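Chain by chain, the residues:
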There are 2 protein chains.
Amino acid sequence: MTIATFAMACGILAVLYGLLTSRQVLASPAGNETMRGIAAAIQEGAQAYLGRQYRTIGIVGVVVAVLVLYFLGVTSAIGFVLGAILSGAAGYIGMNISVRSNVRTAEAARQSLQSGLTVAFRAGAITGMLVAGLALLAIATFFWYLTGPADLAPSDRTVIDSLVALAFGASLISIFARLGGGIFTKAADVGADLVGKVEAGIPEDDPRNPAVIADNVGDNVGDCAGMAADLFETYVVTVGATMVLIALLVKGVGAAELSQLMSLPLAVGGVCIITSIIGTYMVRLGSSQSIMGALYKGFWTTAILSVPAILAVTHVTLGGDLNAVFGADLDGQGGYTGWALFWSMMVGLAVTGLIVWITEYYTGTNYRPVRSIAKASETGHGTNVIQGLAVSLEATALPTLVICVGIIVAYQLAGLIGIAFAATAMLALAGMVVALDAYGPVTDNAGGIAEMAGLEDDVRTRTDALDAVGNTTKAVTKGYAIGSAGLAALVLFGSYTEDLKYFNSALGLVEPPDFNLSNPYVIVGLLLGALLPYLFGAMGMTAVGRAGGAVVEEVRGQFRDNPGIMAGTSKPDYARTVDLVTKAAIREMILPSLLPVLAPIVVYFVIGAIGGTANGFAALGALLLGVIVSGLFVALSMTSGGGAWDNAKKYIEDGHHGGKGSEAHKAAVTGDTVGDPYKDTAGPAVNPMIKITNIVALLLLTALAHGAV
Amino acid sequence: MTIATFAMACGILAVLYGLLTSRQVLASPAGNETMRGIAAAIQEGAQAYLGRQYRTIGIVGVVVAVLVLYFLGVTSAIGFVLGAILSGAAGYIGMNISVRSNVRTAEAARQSLQSGLTVAFRAGAITGMLVAGLALLAIATFFWYLTGPADLAPSDRTVIDSLVALAFGASLISIFARLGGGIFTKAADVGADLVGKVEAGIPEDDPRNPAVIADNVGDNVGDCAGMAADLFETYVVTVGATMVLIALLVKGVGAAELSQLMSLPLAVGGVCIITSIIGTYMVRLGSSQSIMGALYKGFWTTAILSVPAILAVTHVTLGGDLNAVFGADLDGQGGYTGWALFWSMMVGLAVTGLIVWITEYYTGTNYRPVRSIAKASETGHGTNVIQGLAVSLEATALPTLVICVGIIVAYQLAGLIGIAFAATAMLALAGMVVALDAYGPVTDNAGGIAEMAGLEDDVRTRTDALDAVGNTTKAVTKGYAIGSAGLAALVLFGSYTEDLKYFNSALGLVEPPDFNLSNPYVIVGLLLGALLPYLFGAMGMTAVGRAGGAVVEEVRGQFRDNPGIMAGTSKPDYARTVDLVTKAAIREMILPSLLPVLAPIVVYFVIGAIGGTANGFAALGALLLGVIVSGLFVALSMTSGGGAWDNAKKYIEDGHHGGKGSEAHKAAVTGDTVGDPYKDTAGPAVNPMIKITNIVALLLLTALAHGAV
């Protein structure tokens, strides 16, 4: 069995795990008729939204596929389509599981907390394993086909270009899905809260609120489908970029050895699927009844088991000798050993663990940051927001330091390839991390269904307990995703600079572009790159504000035209609200999503026209790094700050600083509303944005070198 | 008359203008006894704060002066002390004028709007001319002494090091003054508003509020003294860095020609003081009674007159031939002409004009951004803040594009020196711009005094009208300051890279540090640099929150212990509140101010120890650029966003969306509170922070090269 087929087998195992676990989940009881009716409405809305979103993305996708075909050839076009379809599929399947598990979680919570946790976590695990499994399957199969049946050398340009095109397909879908879903979920959430909680004075998830179904649909299309597409993309891009970088960078090795090296990321991905599956079986409430503890048991089991597992596959993949030196001229180094690669991957695992821990510190209710926001709520809305912003700014510091140390250590171990392997090891845990995240929207929905169906109070207490933990796990995944995206983007940037060297003469460059920081075109590129996340964030926030405002108008209109809704004698028109949010979200997602696709192209051609081709490439390279640097901070601050605001509200609701209904609580609700588009729309969408900018630059380079542009 | 003595004469002219105009302002009537009593309390508080602040800074200053003396020699130490003392003096004198003009503006507003405007603007103009005049005088005198009586060549290292030390002195004072004043003013403001407006339900500036005097003191020590020290620093650093860069970069010219070139920034500064003075006489209400229009008349007169004035001094300074080519090897160029330098300076003026216009768009009540925040206030606190954050993110885009175009055009004209001259031309208008800004706190105080002294309603209406414009002019100055700081910092960065080449062998470097973007130490440096403004911002915001909370406790305590205060039968203890805020602000300013001083030193030594000396310098250089890039966005977004929030509140108070007291107004007050530390504490302090990081790096380099460390 070759390494690629081992990886494919692990991918299939993940898919099988998904299928079997789905049957288990679907076999559990779906509750009474009211509950099933509510769940059906959510299902219908989610399906309608996703259908329309994919139709819109499909149009963009077809246009881009034709462009890829024209500029880069048929293999790249196939890669692009494969990446796009599987990214979409990951989101679609995840959503489908999610909308079926929500009602079953509510029903299971009538039995016990453990039962509810089991159903909800299994639902999350299905999405997690499918994301990791499909992603690994896509790359492994593609690589296996190209270097096997298609008989290409692993360093052949067609292989490299096709892997980049595969990543591009995944990224393009994911930015639309992340942003569209993010706008949908937060527009519905903000709109529902503003009219429901604030104006009409009815509780969250009250069935009289016409936006309540849209709010629940949003959890599924944003936090589940959008997130799944995003993490699928991160996985494909990271593993793909690592393989591409190896192909570009490692000289002085034969095709067989190169193939071994390029297969190592696949092998690591494969073995970590197995450790992730084992981890899922460890999620069980202990005597302390701590839900977070149960979830962490799963995560840490996976992380710890991955250490010997990675060591073993590295040993096997590299031919049984970890001391053997590979390569002759490796990024200025003299070659590196299996041990160096192994330790680089351990750096990746350490970075993952530390970022999880730091994010928990900044967003958990047990620590200073969240409590300081809760305390600041006592003196009003303004001080709550000020303290939240302060926390969001501060929360960037430790992750940045961890990433910097990670970069330096991995680089010392094995140069740029060390950084690439660190990123790969981070992503190898994606199955488990996505499982923790996808668990969130299921419990959120379960709580909503329990409320709307008028289930017993203790059921709602249990679903609330499950849901509270979801806030932290969601924040943790985002920190993890953006941290790994930072490393992956550096790998892409490394590929860009290597590609420039490779294509130097094909591009008609007399000398390589001057990437020196004192070149003003580099400075301009850095500034323009740094601008992109800000502009993108502004667009995302404005979109939520605008779409949320439309929801407010709609709900006010329904209350006005049909007084029976508030009296409880007639039902609101849920579908009309869902339809409105659907249209608004799709309309609003287009422009910002195109920003990172078009910006690199425009910057290259404009600066190239002014300062010459070499400076065009220099400015473009600096733009890539500018996006990474600035995007990391914007995304980290938004996702951590948003999570902290959310949990500060929860902390007050747990009876601190006056509890529910107090003035402090009102201020905390404001903070939570502000944090919503921060953490669920603009912040996480920066993650695919960073990578798509880098990938477009790589593709542009290839197209230019092939003389096609 | 040499150019340096011409510049010194212009500096003296500015000081004379200040003295004469002071006499005019002080001669105008100071109102009735109540008014004078209130003004005296503000004066006393401001003096007490500034006294204590300067004592604290003095201790830091003496320690640093000793270090400079030890590592860099006596001339540098003198430069440092001169810069520090004059920076402090600019703030001190500005504050002294401001606290005397406030009551006179209130009294003049009893006559007419024009009278009030005249007194307030004259007060601002005094500060403006003193800032520009003292700054020019300091550099010109120092340069004249070193190249004249001290008989040093203009390119002598002592001259270069001393100019950098002069800038360091100015910067070090200014970061403390900006941050300390910013924390004071916003802690008092937020605290007074929270207890007064929100809890006790008394209007702003109500004399029963124990924090009301502290609030008015804050306007003077933050918006006036802090701002003046900041702009003094920006002026000294920009002109000084331009001269240093010329000395480092221009080869193949004799001492006389080099002296001509180095004097040109001084000549431009001098002639623009004259155009600024002329501009101040054009500030007059037209038939439209538009206050903003009157102020802009002054600004545009200065800007337009500066074009021929700069052309003339360039012609004279460069020996009467603008086509003559200077220099042989200029940053890869073949030398440049007077015309090239002139046009570079026109780029600077154009950037200034555009940034003023863009800032007005983002913070003025007539345009989309502010109105969108006002509209979003209708749906509550949360949507107000969301829209405000969206505007603050978006507001970075156009200024960045303008700066990028400015960099490219100036570079095309005259290389790095073109960028330096563009920055110098921007700063040459500082006298006028500071005049517009310093006008703000005077009118703000005048309104407070009118309220507290119970003056007629129409007086308060007039002072309110004067004050509303102050919000926009304050935002405009901040946009201008940060834009020019971005360019100035690039010039400092250029000096750093040139210095590295110069000291290459003295530093024991085998080859120059690798500033290539693909060097991971460069990436780490960029990340760490980008982190600094975030961490600094977090510290500033937290400080305001903490100190504001202390004010809330204090005021609540006074209300509780002395019920006569609310009844109006006994006076609150204003002095105790002032004293509390003073202590809190001084305590809170220390740590964040030391961050940019220590960070470059730590990064150099830590990275140097891990990756070798060359990579230490590479990471340090990247850190400088990271601070510039990230700081520009953090500062622009904070200052514009804060201004927009403030004016959205004003727009609602003008009767839109329900007007004063409506729910929308309450939401807008929240936004305003959030914007306060954004725009007046954290945002503007980023400006000196960027430069101090760069200057410390330059000094470190020199100290290392001299073998002193």
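Residues numbered from 1 in each chain as written. Chains lettered and ligands numbered in written order. Predicted model: local features only at pLDDT ≥ 70, side-chain atom pairs only at ≥ 80, totals over all residues. Heavy atoms only, no water.

With respect to the overall build of chain A
The following threshold applies: Where helices and strands are cited, they refer to DSSP runs of H or I of at least four residues and of E of at least two residues respectively, numbered from the N terminus. Every radius of gyration here is taken over C-alpha atoms, with the globule rule written as 2.2 Å times N^0.38, N being the number of residues. Should any heavy atoms of two residues lie within 4.5 Å, those residues are counted as being in contact. The accessible surface values rely on the Shrake-Rupley method and a 1.4 Å probe; as for residues, cover is taken only from the protein chains in view. Asp and Glu count as negative and Lys and Arg as positive, but His and the ends of the chain are not part of the count. Charge coordinates come from a single atom per side chain, which is NZ of Lys, CZ of Arg, CG of Asp or CD of Glu.
Of the regular secondary structure elements, chain A holds 19 helices and two strands. For 709 residues, the compact-globule estimate of 2.2 N^0.38 gives 27 Å, and chain A sits close to it at 24 Å. When the backbone C-alpha atoms are referred to their principal axes, chain A occupies close to 75 × 55 × 45 Å. If you take every contact in chain A between residues at least 6 apart in sequence, the share linking residues at least 24 apart comes to 84%. Carbon and sulfur atoms make up 62% of the accessible area of chain A, which totals about 20500 Å². Considering chain A, the positive charge centre built from 37 side chains and the negative charge centre built from 49 side chains are found 5 Å apart.

What about the confidence of the model for chain A?
We apply this condition: What pLDDT conveys is the predictor's confidence in a given residue, as a value from 0 to 100.
Overall, the prediction assigns chain A a mean pLDDT of 90, with 99% of residues at 70 or greater. The complex model carries a pTM of 0.93, and its ipTM stands at 0.93.

Some remarks on empty space enclosed by the protein
Filter applied, for reference: As defined here, a cavity is a set of points on a 1 Å grid over the protein atoms alone where a 1.4 Å probe fits but cannot get out. A pocket is an open set with protein on both sides within 12 Å along at least five of seven lines, and residues line them when an atom is within 4 Å of a point. Grid points are joined across faces, edges and corners, and a volume is the space filled by probe spheres set on the points. Classes in brief: Ala, Val, Leu, Ile, Met, Phe, Trp, Tyr, Cys and Pro nonpolar; Asp, Glu, Lys and Arg charged; the others, Gly included, polar.
If you walk through the whole model with that rule in mind, you get 15 cavities of 30 Å³ or more. Of the volumes computed, that of the largest cavity is approximately 210 Å³. Taken together, 16 residues form the lining of the largest cavity, with L393, Y534 and Y678 of chain A together with L393 and Y678 of chain B sitting closest to its centre. Elements with a minimum of two residues in the lining of the largest cavity: helix 11 (381-394) and helix 18 (613-653) of chain A together with helix 11 (381-394) and helix 18 (613-653) of chain B. Taken together, the residues of the lining of the largest cavity break down into twelve nonpolar, four polar and no charged.

What to know about the layout of surface pockets
Reported here for the second largest pocket is a volume of approximately 1100 Å³. Lining the second largest pocket are 45 residues, and of these R368 and E394 of chain A together with A538, M539 and T542 of chain B lie nearest its centre. Of all the secondary-structure elements, those providing two or more residues to the lining of the second largest pocket are helix 10 (368-376), helix 11 and helix 12 (397-428) of chain A together with helix 15 (520-561) and helix 17 (574-611) of chain B. Take the lining of the second largest pocket: its biggest share by element is 16 residues, from helix 15 of chain B. Across the lining of the second largest pocket, the residue classes break down as 28 nonpolar, nine polar and eight charged.

Describing the side chain of T234 of chain A
All names here are of chain A. This is how it is decided: We call two N or O atoms a polar contact when they sit within 3.5 Å, provided that within protein one can donate a hydrogen and the other can accept it, with sequence-adjacent residues counted only if both atoms are side-chain atoms.
Examined against the element boundaries, T234 turns out to sit in helix 6 (residues 212-249). A polar contact of 3.3 Å, which involves the side chain of T234, links it to the side chain of E233. With sequence-adjacent residues up to four places away left out, T234 is seen in contact with L427, S484, N687 and K691.

A word on the interface of chain B and chain A
Stated precisely, the cut-off is as follows: Here's the idea: put two parts together, see how much 1.4 Å probe accessible area each one loses, and the total over both is what we call buried area. Any carboxyl oxygen of Asp or Glu that lies within 4 Å of a side-chain nitrogen of Lys or Arg is treated as forming a salt bridge with it.
Between chain B and chain A, the residue contacts involve 66 residues of the former and 65 residues of the latter. At the boundary of chain B with chain A, total buried surface from both sides reaches about 5800 Å², with 84% on carbon and sulfur atoms. Here chain B is connected to chain A by zero salt bridges. Here chain B and chain A share three residue pairs in polar contact (both at pLDDT 80 or more) between them. Those elements that place two or more of their residues in the side of chain B that touches chain A are helix 5 (157-200), helix 11, helix 12 (397-428), helix 14 (457-502), helix 15, helix 17, helix 18 and helix 19 (663-705) of chain B. It is helix 15 of chain B that contributes the most residues to the side of chain B that touches chain A, 18 residues altogether. Grouping the amino acids of the side of chain B that touches chain A by side-chain chemistry returns 46 nonpolar, 18 polar and two charged.

Here we look at the packing of helix 9 (residues 338-363) of chain A against helix 14 (residues 457-502) of chain A
Residues and elements named next belong to chain A. Heads up, the condition is: Axis geometry follows a simple rule: fit a line to the C-alpha atoms, using only the stretch in contact for helices, then measure angles between N-to-C directions, giving values from 0 to 180 degrees. For this classification, under 35 degrees means roughly parallel, over 145 means roughly antiparallel, 65 to 115 means roughly perpendicular, and everything else is oblique. Left-handed describes a crossing whose near helix is turned anticlockwise from the far helix through less than a right angle; right-handed describes the clockwise counterpart.
Running from N to C, helix 9 and helix 14 cross one another at 135°; their axes reach a closest spacing of 9 Å. In terms of orientation, helix 9 lies oblique with respect to helix 14. Crossing hand, helix 9 versus helix 14: right-handed. From helix 9, T352, I355, V356, T359, E360 and T363 reach across to helix 14, where they touch T472, A475, V476, G479, Y480 and G483. Considering only residue class, the contact of helix 9 with helix 14 consists of five nonpolar, six polar and one charged.

A closer look at helix 1 (residues 3-27) of chain A
Residue and element names in this part refer to chain A. Short version of the rule: Multiply 1.5 Å by the residue count of a helix minus one, and that product is the helix's expected span. Accessibility here uses a 1.4 Å probe with only protein chains present; expressed as a share of the type maximum, an area under 20% marks a residue as buried, one over 50% as exposed, and anything in between as partly exposed.
Over its 25 residues, helix 1 extends 36 Å from the first C-alpha to the last, a length consistent with the 36 Å expected when each residue adds 1.5 Å. Those residues of helix 1 that sit buried are I3, A4, A7, M8, C10, G11, A14, Y17, G18, T21, S22 and V25. Residues of helix 1 that are buried make contact with helix 3 (74-111), helix 4 (113-147), helix 7 (255-280) and helix 8 (291-317).

Quick look at the nonpolar core
Counted only if it meets this: Residues belong to one nonpolar core when they are buried, are Ala, Val, Leu, Ile, Met, Phe, Trp, Tyr or Cys, and are joined through side-chain atoms within 4.5 Å.
Ranked by size, the top nonpolar core spans 569 residues in total, and within it Y496 and L517 of chain A together with Y496 and L517 of chain B carry the most contacts. What Y496 of chain A contacts, discounting residues up to four positions off in sequence, is F515, F617, L620, G621, L624, A697, L698 and L701 of chain A.

Section: unusual backbone geometry
All names here are of chain A. If you check the backbone angles, H657 has positive phi at about 50° while not being a glycine. Examined against the element boundaries, H657 turns out to sit in the loop between helix 18 and helix 19 (663-705). H657 sits in the partly exposed class, given a relative accessible area of 25%.

What to know about the relation of the copies chain B and chain A
How we decide: For the least-squares superposition of copies, only C-alpha atoms count, and only for residues with pLDDT at least 70 in both.
It takes a turn of 180° to lay chain B on chain A, together with a shift of 0.0 Å along the axis; the resulting RMSD is 0.0 Å. Seen this way, the second copy is the image of the first under a two-fold rotation axis. Relative to the rotation axis, the C-alpha of N516 of chain B is the closest in chain B, positioned 2.4 Å from it. Mapped onto chain A, 98% of the interface residues of chain B are again interface residues, and the two copies thus contact each other with one and the same surface.

A look at helix 19 of chain B
Residue and element names in this part refer to chain B. Here is the rule: Each residue is assigned a bend, namely the angle between axes fitted to the seven residues that terminate at it and the seven residues that start at it.
The terminal C-alpha atoms of helix 19 lie 63 Å apart, and with 43 residues this matches the ideal 63 Å at 1.5 Å per residue to within 8%. Most pronounced at K679, the bend in helix 19 amounts to some 35°. Of all the 43 residues making up helix 19, 41 are buried; the element is thus mostly covered by neighbouring parts of the structure. Following helix 19 by one or two positions, G707 has its phi on the positive side, about 70°.

Things to note about the packing of helix 19 of chain A against helix 11 of chain B
It is at 8 Å that the axes of helix 19 of chain A and helix 11 of chain B come closest, and there the two elements cross at 40°. Handedness of the crossing formed by helix 19 of chain A with helix 11 of chain B: right-handed. Across the interface between the two elements, T670, T673, V674, P677 and Y678 of chain A of helix 19 of chain A pack against H381, G382, V385, I386 and L389 of chain B of helix 11 of chain B. Taken together, the residues of the contact of helix 19 of chain A with helix 11 of chain B sort by class into six nonpolar, four polar and no charged.

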